[in-house]
Structures are given as C-alpha cells and as structure tokens.
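# Inside the fold
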Amino acid sequence: MPELATFDIAAILPFVLIGFAAQLVDGALGMAFGVICNTLLVAVLGVPPATASARIHIVEIFTTGASGLSHLFHRNIDWPLFLRLLVPGVIGGVLGAYLLTSLDADIVKPFVLGYLVLIGVWLLVRGILYPPKFKRPTVIAPLGLVGGFLDAAGGGGWGPIVTSNLLVQGGEPRKVVGTVNSVEFFLALSVSAAFIWHLGFEDIVGPTLGLIIGGVIAAPAGAMMAKRFSPKLMLVVVGVVLIATSAFGLYRALFA
C-alpha cells in the first residue's frame, strides 16, 4: 500500500509542477495558463492534444470560477460585453473540441504546436511593443467565436486572443479582464463537457488533479507577482518560452 501511494504521487507530480508554473504566469499576466499547460503537456510530456486540452479546461473550471467570483465581487464585469462574448465563445469552444476529438492525434499535433508557436511570437511582439494604443471596441462576437474555437482546438488562447484584442480596440482594462475571465468559466465548463462526452472520464481525472493542485497552490503567489513584476518583461519571457518549447515539439512531431 505505501508503494502504491508513492507511485500515485510520483505519477501526478509533473502535472502539479506544470499547473503551478502556468498559474504563476497566468496570475501575473491575466492570461496564458492554457497555452503554457498545453505546450508542456503536448511538446514535453507527449500528451495527445485532445486529452491535454480536456485536462486544461477541466482545471480552468476551478481557476476561472474563483476568478469570476472575485471579479463579480469587485464589480469588474461589463455585463453587455459579457453577454456578447458568452454565446459565440461557447459555440466556438464546442466546435473546437469536436474538431480536435474527431481527428487523429498524430495529424493534429503539428498544427496545434504551430499554432502555439504563433501565439508565442504574438506574445513576444506584444511584450516588446507594450503598451498598445487603444481604440474603441467594435468587433466582439466574431472575436469570441474565434477565441473559443482556438482555445479548445489549441488547448489555450482565450485570454491572449480575446483580452488583448479587446484592449487594443479600446476597452477599459479592469472591465475587459474581469469580463473575459468570467466568460471563460462558462467556456471551460462547456468545452470540458464536450471533451468528456467524446473521450470519457477515466483518461482525464488523475493528471487533472495534479494540475488543479499546482494551480491552486500557485494562485496567491501569482497574484503577488502581478504587483511586483513588469507585465512587459513577463510577456517577453512567456513568448520566448512558448516559442522555444513549441518549436522543439513541432520539430519532433515533423522530423522525429
């Protein structure tokens, strides 16, 4: 019995560490939890893209739920914007989950890793050019649809894509972050249900527990980092890490 317990702890430890690291960055930047987790799960640990995305979205039910309640308490939610993002975001997420579970993992992996390389480049550029010039938001529903689809199909991207585009369009930062994070709870809930429907529950539970543990432990530290570290520096670091790990995984997927 002690040997079994040790084995179980050792088996989920990598996922605890991944959840911890990703939440540190996400807590400091307000984005990138899903992208970082997916990069490490797919590129480093070799987890199939659909399984990796399913695990991440189940974890995000817990993390975004707590975040959404906090933003609700602090009145950071723009309710008209919330409603305009909610429906297209959920539709895009379910479509992305369906596409990812309908294709062979070996075929999907290079496209997912290529997408993550582009996200890394985008974050790096945004970090170098930070802060962007804001304009009045005009594109909302299509942005929610695309953000939800890429978030499910790529295992992450809702925050980087939707939050930053709304900020570039001119949204008030406090309201944009609070609203997008709150919508993400419903996105994670619907995408997780879609993945469980297609993949089953058994292949997801154990590693997901590790990601939840790591993310919950790191949450206070991530909030502290947000006050002490420059978002410009963190965006550059995240961009470099994502480009390096995703490009390495893409090379292995194409040429190994």
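Keep in mind that this is a model prediction, so the values were computed, not measured.

Of the regular secondary structure elements, the protein holds 10 helices and 0 strands. The order of helices and strands in the protein, counted from the N terminus, is α-α-α-α-α-α-α-α-α-α. Within the protein, contacts between residues separated by at least 24 positions form 84% of all contacts whose residues are at least 6 apart in sequence. Total accessible area computed for the protein in this model is approximately 12,400 Å², and 74% of it derives from carbon and sulfur atoms.

What follows covers the nonpolar core. Formed by 54 residues in total, the largest nonpolar core has its most connected members in Leu41, Leu85, Val162 and Leu166. Setting aside residues no more than four positions away along its own chain, Leu41 makes contact with Phe15, Ile18, Gly46, Val47, Ala52, Ile56 and Leu211.

If you walk through the whole model with that rule in mind, you get 4 aromatic pairs. For the pair Phe82 and Phe186, a centre-to-centre distance of 5.9 Å together with 80° between the ring planes defines the contact as edge-to-face. Of this pair, Phe82 sits in helix 4 (residues 79-102) while Phe186 sits in helix 8 (residues 173-199), placing them 104 residues apart in sequence. Judged by its relative accessible area of 7%, Phe82 falls in the buried class. Residue class for Phe186 comes out partly exposed when judged on its relative accessible area of 36%.

Time to look at the packing of helix 4 against helix 7 (residues 158-169). The N-to-C vectors of helix 4 and helix 7 enclose an angle of 145°; their axes lie 14 Å apart at closest approach. When the axes of helix 4 and helix 7 are compared, the crossing they make is right-handed. Contacts between helix 4 and helix 7 pair Leu81, Leu85 and Gly89 from the former with Trp158, Val162 and Leu166 from the latter. Looking at side-chain class alone, the contact of helix 4 with helix 7 contains 5 nonpolar, 1 polar and no charged residues.

Tracing the sequence through the fold places Ser246 in helix 10 (residues 231-255). Of the polar contacts made by the side chain of Ser246, one reaches the backbone oxygen of Leu242; its length is 2.9 Å. In contact with Ser246, other than residues within four places in its own chain, are Thr39, Leu113, Leu116 and Val117.

If you trace the backbone, Trp122 turns up in helix 5 (residues 105-129). Taking the relative accessible area as the measure of exposure, Trp122 reaches 31% and is therefore partly exposed. The spatial distance from the C-alpha of Trp122 to the C-alpha of Val236 is 9.8 Å, given a sequence separation of 114 residues. The contact partners of Trp122, leaving out residues within four places of it in the chain, are Pro160 and Ser164.

This paragraph deals with helix 3 (residues 49-73). For helix 3, built from 25 residues, the straight-helix expectation of 36 Å at 1.5 Å per residue is met to within 8% by its first-to-last C-alpha distance of 35 Å. By the largest-angle criterion, Glu60 marks the main kink of helix 3, which is about 30°.

For the protein, mean pLDDT is 78; residues scoring 70 or higher make up 82% of the total. Note that pLDDT drops below 50 for residues 1-7; the model gives that stretch 0 contacts with residues more than four away or on any other chain.

Cut-offs used in this document
Residues numbered from 1 in each chain as written. Predicted model: local features only at pLDDT ≥ 70, side-chain atom pairs only at ≥ 80, totals over all residues. Heavy atoms only, no water. Helix = DSSP H or I, 4+ residues; strand = E, 2+ residues; numbered from the N terminus. Contact = heavy atoms within 4.5 Å. Areas by Shrake-Rupley, 256 points an atom, 1.4 Å probe, with all protein chains shown as cover. Core = buried A, V, L, I, M, F, W, Y, C linked by side-chain atoms within 4.5 Å. Buried < 20%, exposed > 50% of the residue type's maximum accessible area, 1.4 Å probe, protein only. Phe/Tyr/Trp six-rings, centres within 6.5 Å; stacked < 30°, edge-to-face > 60°. Axes fitted to C-alpha atoms, helices over the stretch in contact; angles between N-to-C directions. Left-handed = near helix turned anticlockwise from the far one by under 90°. Nonpolar A, V, L, I, M, F, W, Y, C, P; charged D, E, K, R; others polar. Polar contact = N/O pair within 3.5 Å; in protein donor to acceptor, adjacent residues only side chain to side chain. Expected span 1.5 Å × (residues − 1). Bend = angle between axes of the 7 residues up to and from the residue. pLDDT = per-residue confidence, 0-100.

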